[in-house]
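An overview of the molecular structure
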Amino acid sequence: MDKLLVKAIESLEEKKARDLVVLDVKGICSFSDYIVICTATSDRQIRSIAENVKDKIGRPFIAEGIDLCRWVLLDYTDVVIHIFLEDLRKYYDLEGMWMDAKRIKG
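1. With respect to the nonpolar core
A general tendency of soluble globular proteins is for nonpolar side chains to be buried together. One finds Leu12, Val36, Leu74, Ile81 and Ile83 to be the most contacted residues of the largest nonpolar core, which totals 24 residues. If near-sequence neighbours (up to four positions away) are discounted, Leu74 is found in contact with Ala50, Val53, Lys54, Pro60, Ile62, Ala63, Ile66, Val79, Val80, Ile81 and Ile83. Counting residues in hydrophobic clusters, the runner-up holds 11 residues, among them Val21, Cys29, Ile37 and Trp98.

Set out below in structure tokens:
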């Protein structure tokens, strides 16, 4: 498994991210190799998780949603991390959008 991906998973689990899913999108996605999706129980937990990932891995190429903390996207090019509140995760259903991807975790 990619070192960046391993660090991302460890960082998410360290802050108790729930329902962690890792999708291998190599060959079906032009912008990344892995998509990581997880759920947080509150906006405070989303911020805590996102900050922990940034502290452990470094500054992402793109970071979106940190101000509102309902859905945060951290783009490390090869690994894209989505941290959702539960209702938004169900609504956007990224797992369904990437159903052809191989599940590595979750």
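2. Digging into the pairing of strand β4 (residues 71–75)
The side chains of a regular strand alternate between both faces of the sheet. Taken together, the 3 bridges between strand β3 (residues 62–64) and β4 define a ladder with antiparallel strand orientation. Note on β4: the bridge partner recorded for Ile62 is Asp75. Adjacent in sequence and paired antiparallel, β3 and β4 are bridged by 6 residues, among which Gly65 carries a positive phi angle near 85°. Counting the residues in the hairpin turn of β4 and strand β5 (residues 79–85) gives 3 residues, including Thr77, whose phi is positive at 65°.

3. Some remarks on unusual backbone geometry
With the exception of glycine, most residues fall at negative phi, and the peptide bonds are largely trans. If you check the backbone angles, Lys16 has positive phi at about 65° while not being a glycine. Here Lys16 lies in the loop between α1 (3–14) and β1 (18–24).

4. Section: α1
Taking 1.5 Å per residue as the helical rise, α1 with its 12 residues ought to reach 16 Å, and the 16 Å between its terminal C-alpha atoms agrees with that figure. Residues of α1 that are buried sit in contact with β1, β2 (34–40), α2 (43–57), β5 and β6 (102–105). Its side-chain oxygen at 2.9 Å from the backbone nitrogen of Leu4, Asp2 defines the N-terminal cap of α1. Within two residues after α1, Lys16 carries a phi angle of roughly 65°, on the positive side.

5. A short note on the pattern of salt bridges
Inspection of the entire model under this criterion finds 8 salt bridges. Salt-bridge contacts for Arg18 lead to Glu86; the nearest nitrogen and oxygen are separated by 3.9 Å. One end of the pair, Arg18, is in strand β1; the other, Glu86, is in helix α3 (residues 86–92), with 68 residues separating them in the sequence. The class for Arg18 is partly exposed, based on a relative accessible area of 33%. Taking the shortest distance from any N to any O, the salt bridge between Asp24 and Lys26 comes out at 3.6 Å. Take Lys26: its relative accessible area is 44%, and that puts it in the partly exposed class. Taken together, the shared-partner salt bridges connect Arg18, Glu86 and Lys90 into one network.

What counts, and where the lines are drawn
Residues numbered from 1 in each chain as written. Predicted model: local features only at pLDDT ≥ 70, side-chain atom pairs only at ≥ 80, totals over all residues. Heavy atoms only, no water. Core = buried A, V, L, I, M, F, W, Y, C linked by side-chain atoms within 4.5 Å. Buried < 20%, exposed > 50% of the residue type's maximum accessible area, 1.4 Å probe, protein only. Contact = heavy atoms within 4.5 Å. Pairing = 2+ DSSP bridges. Helix = DSSP H or I, 4+ residues; strand = E, 2+ residues; numbered from the N terminus. Expected span 1.5 Å × (residues − 1). Polar contact = N/O pair within 3.5 Å; in protein donor to acceptor, adjacent residues only side chain to side chain. Salt bridge = Lys/Arg side-chain N within 4 Å of Asp/Glu carboxyl O.

By themselves, these figures tell us nothing about what the structure is for.
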